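Overview (structure and organization)
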Amino acid sequence: AAGPVRLWVRTEPFLVGALPAPPPARLAPYYLRKTAAYARARAEQGCFPRLRWPSWRHIACGKLQLSSDIAWLYFELFRGLLGPAPPLRLRWAEAAAACASAEELERERSKARARAGSPERAPGARPDSLSLPALQLSVDTLQFLLFLYVQQLHNVSLRRSLLGDEWPSPRTKAPSLPGKAAGGNKNWNDQEHLAFVQSHLLDMLELLLEPEQLSASSHSSCSSLVSFEAVCALSFLLEGTVSNSGTVLPLHELALRQPCHGHNGYSKVTRAFSLPKLESWLRSSLSPNPLGMTVCLKAGKKLAWAQQVEGTTRSAKIACSARVVPEVSPMVIMSHVYRQTLAKSSDTLVGAHIRIHRCNESFIYLLSVTIEKCRNSTFVLGPVETSVHVQSCDNIKVIVVCHRLSLSSTSGCTFHTLTPTQPLILSGNQAVSFAPFHTHYPMLEDHMAQVGLATLPNYWDSPMLVCRDSGDMSVFRLLPPSDFYTFVIPFKMEGDTTETPGGLPQEYQEVLSQREQKVQVWQRMVKEAGLSRHQRKQLQAVVENKFYEWLVQTGNRQQLDSLVPPATGSKQAAG
């Protein structure tokens, strides 16, 4: 179809891929250009066009002076961003869980057991379109370099901080400004993503150039050519459509359209693009993301939620962007929920990116996520295929099975997790508690399989301190077994899961067994006391009164009261 091309920045590389912390100094653009040259020169050693884990570990640890843990963090974070498909995730989890030591796990990671090719899916590919190649830990080199460059999103600029646009303190509370859709959270702010790409476009193009296209100072010239493979890699960041056709295509497919060749400088003879023309065409075609958070806030569909109590707050907003195309994940924004219990389990949330913002004193059950500026609330999340990030929250409890958990600027929060990766403790956290995942619902194991999450390995108790100011081990603790109680999801559903997947660690299970024994002793004592019918009623009344007093004193009465279904006349539109 003829017509102008409209490009925008893809959401996932920034929302899920950009670690919400300043990157190591050795990941600055200068060092990434040296990494690119080093990788291209060692193609036969597993560095290019695909970068194997042992080769990246050598570059990261030996050349960039990163720790092995940080090297693996970025490598695994990128792999999780593009794939692999859930069945392959489960196969890798099985292999990792069978390792008895860190050395054995490293040997497993370093194996090359697949033919050349990509076990991950390309940008925009459907998860179920993959076959099952053998396990191989490798990534597309050029895309991985762009991914590392995107980490600069959270590199604090001294100049901008002096002008007031940003400030190094992660707990700074700034008022919401008109036109700034996502406030201080850059991962969600599609306007920030666009500004970042526009500001760094030439740098990123030069990062993808072949060595002969660069000057002695590693910069481009007006005669530099960009290979088609480089533009394919740039599809990791950019996608678009033709004349608002509704069909979303990756950048490289749009760039090959005949009407665009005169604008982007593509030559069928060289199979390459003129860098100046390509840069100019990209800049003129870039526009705000029509599938991003800004559009979701302005024109998103209002969602109704089971158990939502109306009238408790007029400022609550829950909206969802439309599923425009199956390849693009919708967004759900939940904001200013106060003293409510919300529940949702539907196709609306499957594969969606969910942002929970400024929710206080609420109990939110999401049986399908960025949690930001929330207080005194409980969040129960279904299996999350990618990441859960918790930022600027106080005294919240998060119960989740997820691929990755990260937290920054939290205080007094507790995390009950089942996760195959180490929880990431970024900057500004205080009094964090980690505990084993301790609940279930009937479809939980089915949902875990659908997103490729297994019960082992489980690193809930092995967090990684990532930032310099998070190096104090006292910022977190493992929840004492004496403070541990299981959590019951108070809704009826169909399914086969009847207990916590994977069970509980022995010390926590022993505490629960001891409490169960005390209950049995109490019941036996009441039964053997020989009370009359009148005395049993009196005892029951005393116990109920004491229980009611405990509910009021602990604040748990609100949680139970909010589970009462709303009146029939207060139904909302389905969503």
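Relevant structure appears above.
Scoring rules and cut-offs
- Along each chain, residue indices are assigned from 1 in the same order as the chain's sequence is written.
- Confidence filtering applies because this is a predicted model: local features only for residues at pLDDT of at least 70, side-chain atom pairs given and counted only at 80 or more, and all residues used for totals across whole chains, interfaces and linings.
- Hydrogens and waters are ignored; side-chain quantities use all the structure's heavy atoms.
- By definition, any uninterrupted DSSP run of H or I lasting at least four residues is a helix, any uninterrupted run of E lasting at least two residues is a strand, and each is numbered from the N terminus.
- Relative accessibility decides the category of a residue: with a 1.4 Å probe and only protein chains considered, values under 20% of the type maximum give buried, values over 50% give exposed, and everything between is partly exposed.
- Areas reported as accessible are Shrake-Rupley estimates using a 1.4 Å probe. Residue values count occlusion only from the protein chains shown.
- Two strands qualify as a pair provided that DSSP identifies no fewer than 2 bridges between them.
- Here a residue-residue contact requires only that any non-hydrogen atoms of the pair lie within 4.5 Å.
- Convention adopted: a line fitted to C-alpha atoms gives each axis, helices being fitted over their contacting stretch, and angles between N-to-C directions are expressed from 0 to 180 degrees.
- Expected span, for any helix, means 1.5 Å times one less than how many residues it has.
- Here the word oblique covers every angle except those under 35 degrees (roughly parallel), over 145 (roughly antiparallel) and from 65 to 115 (roughly perpendicular).
- Two helices that cross are described as forming a left-handed crossing if the nearer one is turned anticlockwise from the farther one by less than a right angle, and a right-handed crossing if clockwise.
- We call Asp, Glu, Lys and Arg charged. Ala, Val, Leu, Ile, Met, Phe, Trp, Tyr, Cys and Pro are nonpolar, and the rest, Gly among them, are polar.
- What is meant by a nonpolar core is a set of buried Ala, Val, Leu, Ile, Met, Phe, Trp, Tyr and Cys residues, joined one to another through side-chain atoms within 4.5 Å.
- What counts as a domain boundary in this text is fixed by an automatic or database domain assignment.
- Stacked, tilted and edge-to-face pairs are distinguished by plane angle, under 30 degrees for stacked and over 60 for edge-to-face with tilted covering the rest, among Phe, Tyr and Trp rings (Trp via its six-membered ring) whose centres lie within 6.5 Å.
- N or O atoms closer than or at 3.5 Å make up a polar contact, with two conditions inside protein: a donor-capable atom paired with an acceptor-capable one, and, for residues adjacent in sequence, both atoms drawn from side chains.

Moving on: the overall build of the chain. Each helix and strand counted, the chain has 18 helices and 22 strands in total. Expressed as a percentage of the 575 residues in the chain, the buried residues total 50%. Approximately 27,400 Å² of the chain is accessible, and the part contributed by carbon and sulfur atoms is 53%.

In this structure, P49 follows F48 across a cis peptide bond, with omega equal to 5°. For P49, the location among the structural elements is in the loop between α2 (29-40) and β2 (50-52). Here the phi dihedral of R271 falls at roughly 50°; this positive angle occurs in a residue that is not glycine. Mapped onto the secondary structure, R271 falls in the loop between β7 (266-267) and β8 (272-274). We note that S392 has phi near 55°; this positive angle belongs to a residue other than glycine. Given the relative accessible area of 16%, S392 is considered buried.

On to the sheet that holds β7, then. The strand order across the open sheet built from three strands is β4-β8-β7, with neighbouring strands paired in antiparallel fashion. The open sheet has two free edges, formed respectively by β4 (225-227) and β7, since each of these has just one partner strand. By the bridge criterion, two bridges tie β7 to β8 in an arrangement that is antiparallel. Within β8, the residue paired with Y266 across the bridge is F273. Helix-sheet contacts for helix α13 (residues 275-285) involve β4 and β8, and the interaxial angle to β8 is about 80°.

This part is about the pairing of strand β18 (residues 414-418). Of all the five residues making up β18, five are buried; the element is thus mostly covered by neighbouring parts of the structure. Alternating positions in β18 separate into two faces, T414, H416 and L418 on one and F415 and T417 on the other, with burial throughout. Alignment of strand β17 (residues 397-408) against β18, held across five bridges, turns out to be parallel. From the neighbouring strand, V400 faces β18, where its bridge partner is T417. For β18 and strand β20 (residues 432-436), the ladder comprises four bridges, and the chain directions are parallel. Its bridge partner lying in β20, H416 is registered against A435.

With that settled, consider the environment of A97. Residue placement: A97 occurs in helix α5 (residues 86-97). Not counting residues within four places of it along the chain, the set of residues in contact with A97 comprises L456 and P457.

Here we come to helix α17 (residues 533-554). What sets the pattern is the α-helix's 3.6 residues per turn: residues three or four places apart point alike. Helix length check: α17, at 22 residues, gives a terminal C-alpha distance of 32 Å against a target of 32 Å (1.5 Å per residue), a fit within 8%. Just beyond α17, the residue with positive phi is G555, at close to 80°.

The next point concerns the packing of helix α3 (residues 53-63) against helix α4 (residues 68-82). To characterise two packed helices, one gives the angle between the axes of the helices and the distance between these axes. Remark: α3 packs on α4, axes separated minimally by 9 Å, with the N-to-C direction vectors making an angle of 130°. It follows that α3 is oblique to α4 by the angle criterion. Once α3 is placed against α4, the crossing between them reads as right-handed. For the pair α3 and α4, contact is made by W53, W56, A60 and C61 and by S68, A71, W72 and F75, respectively. Class assignment for the residues of the contact of α3 with α4 results in seven nonpolar, one polar and no charged.

Right, let's talk about the nonpolar core for a bit. Residues W56 and L282 are the most contacted members of the largest nonpolar core, which totals 86 residues. No other element matches α4, which puts ten residues into this core. Inspection of this core shows a minimum of three residues originating in each of domain 1 (5-100 + 136-155 + 186-285) and domain 2 (293-504). Membership of the second largest hydrophobic core comes to 34 residues, among which are F379, L405, L407 and L504.

Relative to each other, helix α7 (residues 141-150) and helix α9 (residues 190-208) sit at 145°, their axes nearing to 11 Å. Read as a crossing pair, α7 and α9 show a hand that is right-handed. Along its contact with α7, which presents L142, L145, L146, Y149 and V150, the element α9 presents F196, H200, D203, M204, L207 and L208.

To continue, consider the packing of aromatic side chains. Throughout the structure, instances matching the rule amount to 19 aromatic pairs. Taking the centre distance of 6.1 Å and the plane angle of 65° together, the rings of Y149 and F196 count as edge-to-face. Taken as a pair, Y149 in helix α7 and F196 in helix α9 lie far apart in primary sequence, 47 residues in all. F196 matches Y149 in its accessibility class, with the two residues each being buried. Residues Y266 and F273 carry aromatic rings whose centres are separated by 4.8 Å and whose planes lie at 45° to one another, so their mutual orientation is tilted.

Take the sheet that holds strand β6 (residues 249-250) next. Taken together, the three strands give an open sheet; going across it, the order is β1-β5-β6, and neighbouring strands pair in antiparallel fashion. Two strands lie at the open edges of the sheet, namely β1 (5-9) and β6, each paired on one side alone. Of the strands in this sheet, β1 and β5 (238-242) touch α13, which is tilted by about 85° from β1.

Turning our eyes to something else, we now look at the pairing of β17. With respect to burial, β17 is a largely interior element, eleven of its twelve residues being buried. With ten bridges connecting them, strand β16 (residues 378-391) and β17 associate as parallel partners. From the neighbouring strand, H389 faces β17, where its bridge partner is S406. Pairing analysis gives two bridges linking β17 to strand β19 (residues 424-425), with the strands arranged parallel. Across the sheet, the residue bridging to L407 is I425, located in β19.

Glancing now at the side chain of S287. With respect to the helices, strands and loops of the structure, S287 is situated in the loop between α13 and α14 (293-299). Among the polar contacts listed, one links the side chain of S287 to the side chain of R6, at a separation of 3.0 Å.

Attention now goes to α7. Among the ten residues that make up α7, ten are buried, leaving the element largely enclosed by the rest of the structure. For α7, the full list of buried residues reads T141, L142, Q143, F144, L145, L146, F147, L148, Y149 and V150. N-cap assignment for α7: the residue whose side-chain oxygen lies 3.2 Å from the backbone N of L142 is D140.

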